[in-house]
Amino acid sequence: MRFTVSLAALIAVLTAVSAAHLLSAGDVDELHPQSTAPVATPVHASTMDRASAANEIGSGAEERNRQLAIAIERALVSRDVQYRETAFNFVLPELLRADPNRVIAMVARQEPGETRDALRDEVARQWITKHRDAAIEWMNSLEAADRRASATIAMRTLAAIEPAQAIAVADQFDIGRDDGSLEHMVQIWAAEKPDEAMRWIEGQPTGEPHTEQLRARIAHSR
């Protein structure tokens, strides 16, 4: 399959970024070579060398993250679906790991519309599985419509891997009960992993309407 120019450009960026990262690591090793006969170095010079190395590494990481963000933003405005998918699947996870604040700022910069919604949903989908508390804090900072949409994506993502956490997110953001999607999710959970679902519901307080709804669903599935 022939790559489009835009996809090839993205891969080139990723390759360059990875190479820069490896070179930075190599530079650090060169600053501290192994030797059987170490040469005495004044304390102040050694400290300055370490500070200089740290600054260089920090600058390299900053530029790397900037390039990753540029690749994502270019993919967002591209008509190439494969280009966007590549950016979302490979570049976005790395930037979320290395510099989540840059991702937050990127979402905030987008104009309302399909592009913004796509980025917001993808960030919610990926971040909730990697750093739940940070993702929830970010979702809470959004406007009401964005908050509800991102929380819904987060709930559905967790439903497939951590149903108990999905329920917690649903209750925290007050979603999933008005349309029955939460009860449906719990019913599927109880059908596929009945013992796990039962252990969870047995640990929940009794007498609360929300809990009893889910308890009834689990009992019905069993």
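Right above here is the structure, for reference.
Conventions we followed
- Residues numbered from 1 in each chain as written.
- Predicted model: local features only at pLDDT ≥ 70, side-chain atom pairs only at ≥ 80, totals over all residues.
- Heavy atoms only, no water.
- Helix = DSSP H or I, 4+ residues; strand = E, 2+ residues; numbered from the N terminus.
- Buried < 20%, exposed > 50% of the residue type's maximum accessible area, 1.4 Å probe, protein only.
- Contact = heavy atoms within 4.5 Å.
- Core = buried A, V, L, I, M, F, W, Y, C linked by side-chain atoms within 4.5 Å.
- Expected span 1.5 Å × (residues − 1).
- Axes fitted to C-alpha atoms, helices over the stretch in contact; angles between N-to-C directions.
- Parallel < 35°, antiparallel > 145°, perpendicular 65-115°, else oblique.
- Phe/Tyr/Trp six-rings, centres within 6.5 Å; stacked < 30°, edge-to-face > 60°.
- Left-handed = near helix turned anticlockwise from the far one by under 90°.

Asker: I'm lost on the overall build of the protein in this one. Help?
Answerer: Along the protein, the regular secondary structure elements total 11 helices and 0 strands. Relative to its 222 residues, the protein shows a buried fraction of 34%. Here the contacts in the protein between residues at least 6 apart in sequence split such that 57% fall between residues at least 24 apart.

Asker: So what exactly am I meant to see when it comes to the nonpolar core here?
Answerer: Generally speaking, soluble globular proteins have nonpolar side chains that are buried together. Within the largest apolar cluster, 44 residues are counted, with the highest numbers of intra-cluster contacts made by Ile72, Leu119, Val123, Ile128, Trp138, Met139 and Ile167. Excluding residues within four positions of it along the chain, isoleucine 72 makes contact with Ala87, Val91, Leu92, Leu95, Met106 and Leu119.

Asker: Looking at this structure, how should I read helix 9 (residues 181-192)?
Answerer: Every α-helix carries 3.6 residues per turn, so stepping three or four residues along brings you back to the same face. With 12 residues, helix 9 ought to run about 16 Å at 1.5 Å a step, and its terminal C-alpha atoms sit 17 Å apart, in line with that. Buried residues along helix 9 sit against helix 7 (144-159), helix 8 (163-173), helix 10 (194-202) and helix 11 (209-221).

Asker: Would you explain the side chain of arginine 84 in this entry?
Answerer: Within the secondary structure layout, arginine 84 lies in helix 3 (residues 81-98). Leave out the neighbours within four places in its chain, and arginine 84 touches Ala75, Leu76, Glu114, Thr115 and Ala118.

Asker: Sorry if this is basic, but what is going on with unusual backbone geometry here?
Answerer: Residues apart from glycine generally show negative phi values, whereas peptide bonds are mostly found in trans. Positive phi, normally seen in glycine, also occurs at aspartate 174, with a value near 55°. By secondary structure assignment, the location of aspartate 174 is in the loop between helix 8 and helix 9.

Asker: What am I meant to see in the packing of helix 8 against helix 9 here?
Answerer: Geometry of a packed helix pair, given as the angle between the helix axes and the separation of the axes. Two numbers describe how helix 8 lies on helix 9: the axes approach to 11 Å, and their chain directions differ by 170°. With respect to helix 9, the axis of helix 8 lies roughly antiparallel. Along the contact surface, helix 8 presents Pro163, Ala164, Ala166, Ile167, Ala170 and Asp171, while helix 9 presents Leu182, Met185, Val186 and Trp189.

Asker: Even after reading the chapter, I still don't get the packing of aromatic side chains, so can you show me in this structure?
Answerer: The geometry of an aromatic ring pair comes down to the distance between the two centres and the angle between the two planes. Under the criterion given, the structure shown has 2 aromatic pairs. Judged by centre distance (6.0 Å) and plane angle (45°), the ring pair of tryptophan 127 and tryptophan 138 falls under tilted. Of this pair, tryptophan 127 sits in helix 5 (residues 114-130) while tryptophan 138 sits in helix 6 (residues 132-140); the two residues are 11 residues apart in sequence, bridging distant segments of the chain. This pair shows no difference in class: tryptophan 127 is buried, exactly as tryptophan 138 is. Ring plane angle 55° and centroid distance 5.7 Å describe the contact between tryptophan 189 and tryptophan 200, whose orientation is recorded as tilted. A residue pair is termed long-range when its members are at least 10 positions apart, and tryptophan 189 in helix 9 and tryptophan 200 in helix 10 qualify at 11 residues. For tryptophan 200, a relative accessible area of 17% corresponds to the buried category.

Asker: Got a minute to help me understand the packing of helix 10 against helix 11 in this structure?
Answerer: Here helix 10 crosses helix 11 at 155°, and the two axes come no closer than 10 Å. For the element pair helix 10 / helix 11, the angle class is roughly antiparallel. Here helix 10 runs over helix 11; the crossing is left-handed. Residues Ala197, Met198, Trp200 and Ile201 of helix 10 form the contact with helix 11, whose own contacting residues are Thr211, Leu214, Arg215 and Ile218.

Asker: Just checking my understanding: could you explain the side chain of glutamine 110 for this structure?
Answerer: With respect to the helices and strands, glutamine 110 occurs in the loop between helix 4 (100-109) and helix 5. Look at glutamine 110 and you get buried, because its relative accessible area is 15%. In contact with glutamine 110, other than residues within four places in its own chain, are Glu73, Leu76, Thr115, Arg116 and Leu119.

Asker: Please clarify how the environment of histidine 220 should be interpreted in this entry.
Answerer: Checked against the element boundaries, histidine 220 lands in helix 11. Distance in space between the C-alpha atoms of histidine 220 and alanine 190 is 8.9 Å, their sequence separation being 30 residues.

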